[in-house]
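Chain residues, written in single-letter form:
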Amino acid sequence: MTSPRTRPPAGDLLATGVPPLDGAEAERLARTHFGLAVTARPLTGERDSNFLITDPDGRRFLLKLGNPAEERAVIDFQTRALQHARSRDPRLPLPQPVPARDGALMVDIPGPSGARVLRILSYLDGLPLPEAPRSPAQRRAIGALLARLDRALGDFTHPAADHALLWDLQQAAKVRELFPHLPPGRDHGLPQRFLDVFEAHVLPALPGLRRQVIHNDANPHNLLVARDAPEVVTGLIDFGDMVRAPLVQELAVAAAYQLLDEGHPLAGAADVVAGFAQGMALEAEELAVLFDLIATRLVLIVAIGGWRAARYPDNAAYILRNNAAAWAGLERLAALTRDEALAFLAAAAREDSP
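Every chain is numbered on its own, with residues counted from 1 as its sequence reads. Restriction of local features to residues with pLDDT of at least 70 applies here, the model being predicted, together with a cutoff of 80 or more for giving and counting side-chain atom pairs; totals for whole chains, interfaces and linings are based on all residues. Each side-chain value is worked out from all heavy atoms of the structure, with water and hydrogens disregarded.

A. Representation of the layout of surface pockets. Lining residues are those with an atom within 4 Å of a point, where the points come from a 1 Å grid over the protein atoms alone and group into cavities, where a 1.4 Å probe fits but cannot get out, or pockets, open sets with protein on both sides within 12 Å along at least five of seven lines. Grid points are joined across faces, edges and corners, and a volume is the space filled by probe spheres set on the points. There is about 290 Å³ of room inside the second largest pocket. Helix numbers and strand numbers start at the N terminus; a helix is a DSSP run of H or I with at least 4 residues, a strand a run of E with at least 2. Contributing elements (two or more residues each) for the lining of the second largest pocket: helix 7 (284-311) and helix 9 (323-333). Per-element tally for the lining of the second largest pocket: the top contributor is helix 9, with 5 residues. In the lining of the second largest pocket, the residues fall into 10 nonpolar, 3 polar and 5 charged. Under the grouping applied here, Gly and all other residues not named as nonpolar or charged are polar, the nonpolar ones being Ala, Val, Leu, Ile, Met, Phe, Trp, Tyr, Cys and Pro and the charged ones Asp, Glu, Lys and Arg.

And the structure:
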(Lines give C-alpha, C1' and ligand atoms only; values in the text may rest on other atoms or scores of the structure.)
Protein backbone atom coordinates (compact mmCIF):
# COMPACT_ATOMS: atom_id res chain seq x y z
CA MET A 1 0.00 0.00 0.00
CA THR A 2 1.20 3.50 -0.81
CA SER A 3 2.28 5.46 2.25
CA PRO A 4 0.24 8.57 3.12
CA ARG A 5 3.53 10.47 2.87
CA THR A 6 4.18 9.41 -0.71
CA ARG A 7 4.79 12.32 -3.06
CA PRO A 8 1.72 12.91 -5.26
CA PRO A 9 2.03 12.00 -8.94
CA ALA A 10 2.01 15.63 -10.11
CA GLY A 11 4.76 16.89 -7.78
CA ASP A 12 5.12 18.54 -4.41
CA LEU A 13 2.31 21.09 -4.32
CA LEU A 14 -0.56 18.98 -2.97
CA ALA A 15 1.88 17.19 -0.68
CA THR A 16 2.66 20.46 1.09
CA GLY A 17 0.42 21.48 3.96
CA VAL A 18 -0.77 25.03 4.57
CA PRO A 19 2.00 26.78 6.54
CA PRO A 20 0.80 28.45 9.75
CA LEU A 21 -0.02 32.15 9.72
CA ASP A 22 -1.87 33.93 12.52
CA GLY A 23 -4.19 36.88 12.24
CA ALA A 24 -1.77 39.36 13.80
CA GLU A 25 0.84 38.55 11.15
CA ALA A 26 -1.74 38.82 8.36
CA GLU A 27 -2.69 42.26 9.66
CA ARG A 28 0.98 43.30 9.78
CA LEU A 29 1.54 42.15 6.19
CA ALA A 30 -1.49 44.09 4.95
CA ARG A 31 -0.36 47.22 6.79
CA THR A 32 3.30 47.00 5.78
CA HIS A 33 2.95 46.14 2.12
CA PHE A 34 -0.49 47.51 1.16
CA GLY A 35 -0.98 50.36 3.63
CA LEU A 36 -4.19 48.80 4.90
CA ALA A 37 -5.15 48.96 8.59
CA VAL A 38 -7.36 45.90 8.94
CA THR A 39 -8.58 43.16 11.20
CA ALA A 40 -8.07 39.63 9.89
CA ARG A 41 -10.19 36.49 10.14
CA PRO A 42 -8.75 33.17 8.91
CA LEU A 43 -10.44 31.27 6.10
CA THR A 44 -9.92 27.66 5.07
CA GLY A 45 -7.93 26.73 1.98
CA GLU A 46 -6.37 23.77 0.24
CA ARG A 47 -2.81 25.04 0.03
CA ASP A 48 -2.68 28.80 0.79
CA SER A 49 -3.11 30.87 3.95
CA ASN A 50 -6.31 32.87 3.40
CA PHE A 51 -7.79 35.70 5.47
CA LEU A 52 -10.83 37.89 5.20
CA ILE A 53 -9.54 41.35 6.12
CA THR A 54 -11.72 44.35 6.99
CA ASP A 55 -10.71 48.00 7.28
CA PRO A 56 -12.30 50.57 9.68
CA ASP A 57 -14.72 51.70 6.95
CA GLY A 58 -16.05 48.16 6.60
CA ARG A 59 -14.37 47.48 3.26
CA ARG A 60 -13.46 43.82 2.91
CA PHE A 61 -10.65 42.14 0.99
CA LEU A 62 -9.13 38.69 0.67
CA LEU A 63 -5.51 38.30 1.75
CA LYS A 64 -3.72 35.29 0.30
CA LEU A 65 -0.24 34.11 1.24
CA GLY A 66 0.76 31.42 -1.21
CA ASN A 67 2.20 28.03 -0.47
CA PRO A 68 6.03 28.02 -0.63
CA ALA A 69 5.80 25.04 -3.02
CA GLU A 70 3.75 27.07 -5.52
CA GLU A 71 5.81 28.50 -8.35
CA ARG A 72 5.73 32.28 -8.55
CA ALA A 73 5.07 32.05 -12.29
CA VAL A 74 1.88 30.07 -11.64
CA ILE A 75 0.57 32.73 -9.24
CA ASP A 76 1.43 35.38 -11.83
CA PHE A 77 -0.55 33.33 -14.36
CA GLN A 78 -3.61 33.36 -12.11
CA THR A 79 -3.30 37.07 -11.33
CA ARG A 80 -2.92 38.15 -14.95
CA ALA A 81 -5.79 35.92 -16.02
CA LEU A 82 -8.11 37.81 -13.67
CA GLN A 83 -7.01 41.10 -15.17
CA HIS A 84 -7.32 39.82 -18.73
CA ALA A 85 -10.82 38.42 -18.25
CA ARG A 86 -12.10 41.67 -16.80
CA SER A 87 -10.45 43.64 -19.60
CA ARG A 88 -12.40 41.59 -22.14
CA ASP A 89 -15.67 41.55 -20.16
CA PRO A 90 -15.68 44.26 -17.45
CA ARG A 91 -18.97 43.04 -15.96
CA LEU A 92 -17.68 39.57 -15.13
CA PRO A 93 -18.13 39.04 -11.36
CA LEU A 94 -14.53 38.13 -10.56
CA PRO A 95 -12.16 39.23 -7.79
CA GLN A 96 -9.49 41.70 -8.84
CA PRO A 97 -5.94 42.11 -7.52
CA VAL A 98 -5.26 45.12 -5.29
CA PRO A 99 -1.93 46.89 -5.91
CA ALA A 100 0.61 47.08 -3.10
CA ARG A 101 2.16 50.37 -2.01
CA ASP A 102 4.74 50.13 -4.78
CA GLY A 103 2.13 49.19 -7.41
CA ALA A 104 3.08 45.50 -7.51
CA LEU A 105 0.32 42.90 -7.56
CA MET A 106 2.48 40.24 -5.88
CA VAL A 107 4.87 40.66 -2.95
CA ASP A 108 7.55 38.11 -2.11
CA ILE A 109 7.60 37.27 1.59
CA PRO A 110 10.66 35.31 2.83
CA GLY A 111 10.11 32.45 5.24
CA PRO A 112 11.78 29.37 6.73
CA SER A 113 10.25 27.10 4.07
CA GLY A 114 11.00 29.43 1.18
CA ALA A 115 9.52 32.60 -0.28
CA ARG A 116 5.73 32.95 -0.30
CA VAL A 117 3.74 35.25 -2.57
CA LEU A 118 1.44 37.73 -0.87
CA ARG A 119 -1.61 39.09 -2.68
CA ILE A 120 -4.74 41.00 -1.77
CA LEU A 121 -7.88 40.59 -3.87
CA SER A 122 -11.15 42.47 -3.89
CA TYR A 123 -13.96 40.82 -1.95
CA LEU A 124 -17.11 39.65 -3.73
CA ASP A 125 -20.38 39.78 -1.84
CA GLY A 126 -22.92 37.03 -2.16
CA LEU A 127 -24.29 33.88 -0.61
CA PRO A 128 -22.03 30.82 -1.00
CA LEU A 129 -23.80 28.35 -3.23
CA PRO A 130 -23.85 25.51 -0.64
CA GLU A 131 -26.02 27.76 1.58
CA ALA A 132 -28.52 28.65 -1.16
CA PRO A 133 -31.56 26.84 -2.54
CA ARG A 134 -30.90 25.18 -5.90
CA SER A 135 -32.88 25.43 -9.12
CA PRO A 136 -32.58 24.67 -12.84
CA ALA A 137 -32.36 28.41 -13.54
CA GLN A 138 -29.42 28.72 -11.17
CA ARG A 139 -27.60 25.81 -12.79
CA ARG A 140 -28.14 27.33 -16.22
CA ALA A 141 -26.77 30.61 -14.91
CA ILE A 142 -23.63 28.82 -13.74
CA GLY A 143 -23.11 27.39 -17.20
CA ALA A 144 -23.75 30.76 -18.82
CA LEU A 145 -21.24 32.51 -16.55
CA LEU A 146 -18.55 29.96 -17.40
CA ALA A 147 -19.18 30.43 -21.11
CA ARG A 148 -18.75 34.19 -20.64
CA LEU A 149 -15.54 33.67 -18.72
CA ASP A 150 -14.14 31.29 -21.31
CA ARG A 151 -14.97 33.68 -24.12
CA ALA A 152 -13.05 36.36 -22.22
CA LEU A 153 -10.08 34.04 -21.67
CA GLY A 154 -10.07 32.68 -25.21
CA ASP A 155 -7.09 34.74 -26.32
CA PHE A 156 -5.19 34.72 -23.01
CA THR A 157 -1.73 33.15 -22.98
CA HIS A 158 0.94 32.80 -20.31
CA PRO A 159 4.18 30.81 -20.03
CA ALA A 160 2.89 28.98 -16.94
CA ALA A 161 -0.48 28.00 -18.42
CA ASP A 162 0.58 24.36 -18.95
CA HIS A 163 1.84 23.79 -15.41
CA ALA A 164 1.32 20.35 -13.89
CA LEU A 165 -1.69 20.10 -11.58
CA LEU A 166 -3.23 16.96 -10.17
CA TRP A 167 -6.70 18.55 -10.35
CA ASP A 168 -6.27 18.83 -14.14
CA LEU A 169 -8.39 16.14 -15.83
CA GLN A 170 -5.64 15.73 -18.40
CA GLN A 171 -3.57 14.25 -15.54
CA ALA A 172 -6.37 11.98 -14.29
CA ALA A 173 -4.63 8.67 -15.03
CA LYS A 174 -2.07 9.53 -12.35
CA VAL A 175 -4.59 9.36 -9.50
CA ARG A 176 -4.73 5.58 -9.82
CA GLU A 177 -1.70 5.61 -7.52
CA LEU A 178 -3.91 7.19 -4.85
CA PHE A 179 -6.63 4.51 -4.89
CA PRO A 180 -5.13 2.73 -1.83
CA HIS A 181 -6.35 5.73 0.20
CA LEU A 182 -10.00 5.36 -0.82
CA PRO A 183 -12.08 4.97 2.35
CA PRO A 184 -13.35 1.59 3.54
CA GLY A 185 -17.00 0.83 3.04
CA ARG A 186 -17.11 2.28 -0.48
CA ASP A 187 -17.22 0.47 -3.81
CA HIS A 188 -13.65 0.98 -5.00
CA GLY A 189 -14.57 -0.60 -8.31
CA LEU A 190 -16.52 2.51 -9.33
CA PRO A 191 -13.59 4.94 -9.61
CA GLN A 192 -11.46 2.18 -11.14
CA ARG A 193 -14.12 1.49 -13.78
CA PHE A 194 -14.57 5.14 -14.75
CA LEU A 195 -10.83 5.75 -14.85
CA ASP A 196 -10.43 2.72 -17.14
CA VAL A 197 -12.96 4.28 -19.52
CA PHE A 198 -11.17 7.63 -19.33
CA GLU A 199 -7.85 6.06 -20.30
CA ALA A 200 -9.37 4.00 -23.12
CA HIS A 201 -11.75 6.49 -24.72
CA VAL A 202 -10.97 10.02 -23.54
CA LEU A 203 -7.23 10.35 -23.12
CA PRO A 204 -6.52 9.63 -26.82
CA ALA A 205 -9.16 12.20 -27.87
CA LEU A 206 -8.00 15.11 -25.71
CA PRO A 207 -5.22 16.41 -28.02
CA GLY A 208 -7.76 16.98 -30.81
CA LEU A 209 -10.15 19.14 -28.76
CA ARG A 210 -10.32 22.94 -28.50
CA ARG A 211 -7.89 24.18 -25.85
CA GLN A 212 -7.55 27.38 -23.86
CA VAL A 213 -7.05 28.69 -20.33
CA ILE A 214 -9.98 27.74 -18.07
CA HIS A 215 -10.96 28.31 -14.43
CA ASN A 216 -11.12 24.53 -13.86
CA ASP A 217 -12.81 24.56 -10.44
CA ALA A 218 -16.39 25.85 -10.53
CA ASN A 219 -17.38 23.83 -7.49
CA PRO A 220 -20.20 25.15 -5.25
CA HIS A 221 -17.78 26.62 -2.71
CA ASN A 222 -16.32 28.85 -5.43
CA LEU A 223 -19.67 30.25 -6.56
CA LEU A 224 -21.70 33.07 -5.01
CA VAL A 225 -25.36 33.91 -5.66
CA ALA A 226 -27.61 36.84 -4.78
CA ARG A 227 -29.15 36.45 -1.32
CA ASP A 228 -32.57 37.68 -2.46
CA ALA A 229 -32.40 36.01 -5.90
CA PRO A 230 -30.41 32.76 -5.64
CA GLU A 231 -30.84 32.00 -9.34
CA VAL A 232 -28.50 34.95 -10.05
CA VAL A 233 -24.78 34.13 -9.86
CA THR A 234 -22.89 37.08 -8.37
CA GLY A 235 -19.37 35.74 -8.16
CA LEU A 236 -16.80 33.16 -9.20
CA ILE A 237 -13.76 32.97 -6.94
CA ASP A 238 -10.56 30.94 -6.37
CA PHE A 239 -8.58 30.81 -9.59
CA GLY A 240 -5.92 28.60 -8.00
CA ASP A 241 -6.59 25.60 -10.24
CA MET A 242 -6.42 27.45 -13.55
CA VAL A 243 -4.74 25.59 -16.38
CA ARG A 244 -4.73 25.45 -20.17
CA ALA A 245 -6.88 22.47 -21.08
CA PRO A 246 -9.64 21.28 -23.41
CA LEU A 247 -12.47 23.81 -23.23
CA VAL A 248 -15.04 21.10 -22.50
CA GLN A 249 -13.15 20.33 -19.29
CA GLU A 250 -14.47 23.61 -17.83
CA LEU A 251 -18.01 22.45 -18.37
CA ALA A 252 -17.38 18.91 -17.14
CA VAL A 253 -15.89 20.11 -13.85
CA ALA A 254 -18.82 22.40 -13.10
CA ALA A 255 -21.43 19.82 -14.13
CA ALA A 256 -19.89 17.17 -11.87
CA TYR A 257 -20.88 19.23 -8.82
CA GLN A 258 -24.48 19.77 -9.94
CA LEU A 259 -25.73 16.16 -10.02
CA LEU A 260 -29.07 15.59 -8.33
CA ASP A 261 -30.14 12.91 -5.85
CA GLU A 262 -33.30 12.00 -7.75
CA GLY A 263 -34.63 11.94 -11.28
CA HIS A 264 -32.31 11.34 -14.22
CA PRO A 265 -28.70 11.02 -12.96
CA LEU A 266 -27.57 13.76 -15.37
CA ALA A 267 -30.53 16.15 -15.02
CA GLY A 268 -28.60 18.71 -12.96
CA ALA A 269 -25.56 18.46 -15.20
CA ALA A 270 -27.77 18.96 -18.26
CA ASP A 271 -28.93 22.32 -16.89
CA VAL A 272 -25.31 23.49 -16.68
CA VAL A 273 -24.65 22.18 -20.19
CA ALA A 274 -27.68 24.04 -21.55
CA GLY A 275 -26.56 27.31 -19.98
CA PHE A 276 -23.02 26.92 -21.27
CA ALA A 277 -24.13 25.97 -24.78
CA GLN A 278 -26.22 29.12 -24.99
CA GLY A 279 -22.99 31.13 -24.91
CA MET A 280 -20.58 28.67 -26.53
CA ALA A 281 -21.77 25.92 -28.85
CA LEU A 282 -20.21 22.53 -28.17
CA GLU A 283 -18.57 20.51 -30.92
CA ALA A 284 -19.48 16.88 -31.54
CA GLU A 285 -16.05 15.70 -30.40
CA GLU A 286 -16.50 17.55 -27.10
CA LEU A 287 -19.94 16.09 -26.48
CA ALA A 288 -18.53 12.62 -27.16
CA VAL A 289 -16.30 12.81 -24.05
CA LEU A 290 -18.33 15.11 -21.78
CA PHE A 291 -19.99 12.34 -19.75
CA ASP A 292 -16.67 10.57 -19.21
CA LEU A 293 -15.02 13.81 -18.09
CA ILE A 294 -17.85 14.48 -15.60
CA ALA A 295 -17.40 11.02 -14.11
CA THR A 296 -13.62 11.39 -14.06
CA ARG A 297 -13.88 14.63 -12.09
CA LEU A 298 -15.80 12.67 -9.45
CA VAL A 299 -12.97 10.12 -9.44
CA LEU A 300 -10.47 12.92 -8.79
CA ILE A 301 -12.56 14.23 -5.90
CA VAL A 302 -12.70 10.89 -4.08
CA ALA A 303 -9.10 9.87 -4.87
CA ILE A 304 -7.32 13.15 -4.15
CA GLY A 305 -9.59 13.84 -1.19
CA GLY A 306 -8.95 10.46 0.42
CA TRP A 307 -5.20 10.79 -0.03
CA ARG A 308 -4.95 14.37 1.25
CA ALA A 309 -7.26 13.74 4.21
CA ALA A 310 -4.91 10.94 5.30
CA ARG A 311 -1.96 13.34 5.09
CA TYR A 312 -3.65 16.27 6.78
CA PRO A 313 -6.30 15.01 9.23
CA ASP A 314 -6.58 18.45 10.85
CA ASN A 315 -7.85 19.84 7.54
CA ALA A 316 -9.91 16.77 6.63
CA ALA A 317 -13.31 18.46 6.96
CA TYR A 318 -12.34 21.03 4.33
CA ILE A 319 -10.63 18.49 2.09
CA LEU A 320 -13.56 16.06 2.13
CA ARG A 321 -16.40 18.58 1.87
CA ASN A 322 -17.39 17.36 -1.62
CA ASN A 323 -16.57 13.66 -1.24
CA ALA A 324 -19.93 12.27 -0.09
CA ALA A 325 -21.71 13.88 -3.03
CA ALA A 326 -19.00 12.60 -5.40
CA TRP A 327 -19.44 9.02 -4.25
CA ALA A 328 -23.22 9.34 -4.63
CA GLY A 329 -22.71 10.76 -8.11
CA LEU A 330 -20.49 7.87 -9.17
CA GLU A 331 -23.09 5.38 -7.97
CA ARG A 332 -25.88 7.07 -9.93
CA LEU A 333 -23.83 7.58 -13.10
CA ALA A 334 -22.87 3.91 -13.07
CA ALA A 335 -26.48 3.06 -13.93
CA LEU A 336 -26.12 4.74 -17.34
CA THR A 337 -24.49 3.48 -20.49
CA ARG A 338 -22.14 5.85 -22.30
CA ASP A 339 -24.55 6.02 -25.26
CA GLU A 340 -27.49 6.95 -23.01
CA ALA A 341 -25.45 9.64 -21.28
CA LEU A 342 -24.15 11.08 -24.55
CA ALA A 343 -27.66 11.33 -26.02
CA PHE A 344 -29.03 13.01 -22.88
CA LEU A 345 -26.26 15.64 -22.70
CA ALA A 346 -26.31 16.24 -26.46
CA ALA A 347 -30.03 16.99 -26.27
CA ALA A 348 -29.37 19.53 -23.50
CA ALA A 349 -26.64 21.20 -25.57
CA ARG A 350 -28.89 21.47 -28.62
CA GLU A 351 -31.71 22.98 -26.58
CA ASP A 352 -29.89 26.26 -25.98
CA SER A 353 -27.16 26.31 -28.60
CA PRO A 354 -26.85 29.68 -30.37
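B. View of the sheet that holds strand 3 (residues 60-65). Each pair of strands is called paired provided DSSP finds at least two bridges between the two strands. With respect to topology, 5 strands assemble into an open sheet ordered 1-2-3-5-4, the strand pairing being antiparallel. Of all strands in the sheet, those bounded by a partner on one side alone are strand 1 (39-43) and strand 4 (107-109). Taking the axes of each pair of neighbouring strands and ignoring which way they run, one obtains an average angle of 30° across the sheet. As judged from the 3 bridges shared by strand 4 and strand 5 (residues 116-122), these two strands associate in the antiparallel manner. Considered in strand 5, the bridge of I109 is made with R116. Docked against the sheet, helix 2 (residues 72-88) engages strand 4 and strand 5, running at close to 15° with respect to strand 5. To define axes, lines are fitted to C-alpha atoms, for helices over the stretch in contact only, and angles between the resulting N-to-C directions are given on a 0 to 180 degree scale. Contacts are residue-level and defined by heavy atoms, with any inter-residue pair within 4.5 Å sufficient.

C. Region of the structure containing the environment of P97. Note that P97 resides in the loop between helix 2 and strand 4. Considered as a pair, P97 and Y123 are 26 residues apart in the sequence and their alpha carbons are 9.9 Å apart. Among residues more than four places away in sequence, those in contact with P97 are T79, L82, Q83, L105, I120 and L121.

D. Region of the structure containing the pattern of salt bridges. Take a side-chain nitrogen of Lys or Arg and a carboxyl oxygen of Asp or Glu: if they are within 4 Å of each other, that pair is a salt bridge. Inspection of every chain in the model, using the stated rule, returns 18 salt bridges. For E70, the salt bridge goes to R47, with nearest N and O atoms at 3.1 Å. Residue E70 is located in the loop between strand 3 and helix 2, and its partner R47 is located in the loop between strand 1 and strand 2 (49-54); the two are separated by 23 residues in the primary sequence. Summarising the burial analysis for this pair, E70 and R47 share the class buried. Between D196 and R176 there is a salt bridge whose closest N-O contact spans 2.9 Å. Highlighted residues: D196 in helix 4 (residues 189-202) and R176 in the loop between helix 3 (136-152) and helix 4, separated in sequence by 20 residues. Think of it in three bands: with a 1.4 Å probe and only protein chains considered, a residue is buried below 20% of the maximum accessible area for its type, exposed above 50%, and partly exposed in between.

E. Structural view of the side chain of N222. Here N222 shows up in the loop between strand 7 (211-214) and strand 8 (223-225). Not counting residues within four places of it along the chain, the set of residues in contact with N222 comprises H215, D217, G235, L236, I237 and D238.

F. Region of the structure containing the nonpolar core. Of all hydrophobic cores here, the largest spans 89 residues; its most connected members are V175, L236, L266, L290, I294 and L333. The greatest single-element share of this core, amounting to 15 residues, is contributed by helix 7. When neighbours within four sequence positions are excluded, L266 is seen to be in contact with L259, F291, L333, L336, A341, F344 and L345. We define the nonpolar core as a collection of buried residues of types Ala, Val, Leu, Ile, Met, Phe, Trp, Tyr and Cys that are connected through side-chain atoms lying within 4.5 Å of one another. Judged by nonpolar contacts, the second largest core, of 18 residues, contains A30, I53, A100 and I109.

G. Structural view of helix 3. A helix's residues, less one, multiplied by 1.5 Å, set its expected span. Taking 1.5 Å of rise per residue, 17 residues should cover 24 Å, and helix 3 covers 25 Å from first to last C-alpha, within 8% of that figure. Buried residues belonging to helix 3 abut helix 2, strand 7, strand 8, strand 9 (233-236), helix 5 (247-256) and helix 6 (267-279).

H. How the structure looks around the packing of aromatic side chains. Two aromatic rings from Phe, Tyr or Trp, using only the six-membered ring of Trp, form a pair when their centres are within 6.5 Å; if the ring planes differ by under 30 degrees the pair is stacked, by over 60 it is edge-to-face, and anything between is tilted. Under the defined criterion, the tally for this structure stands at 2 aromatic pairs. A ring pair is formed by F77 and F156, whose centres lie 6.0 Å apart and whose planes are at 10°; its orientation type is stacked. Taken together, the residues span a long stretch of sequence, with F77 in helix 2 and F156 in the loop between helix 3 and helix 4 at a distance of 79 residues. Accessibility expressed as a relative area gives 0% for F77, which makes it buried. Overall, the relative accessible area of 10% leaves F156 in the buried class. Seen from their ring centres, F194 and F291 are 6.5 Å apart, and the 75° between their planes marks the pair as edge-to-face. You can see F194 sitting in helix 4 and its partner F291 sitting in helix 7, a full 97 residues away along the chain.

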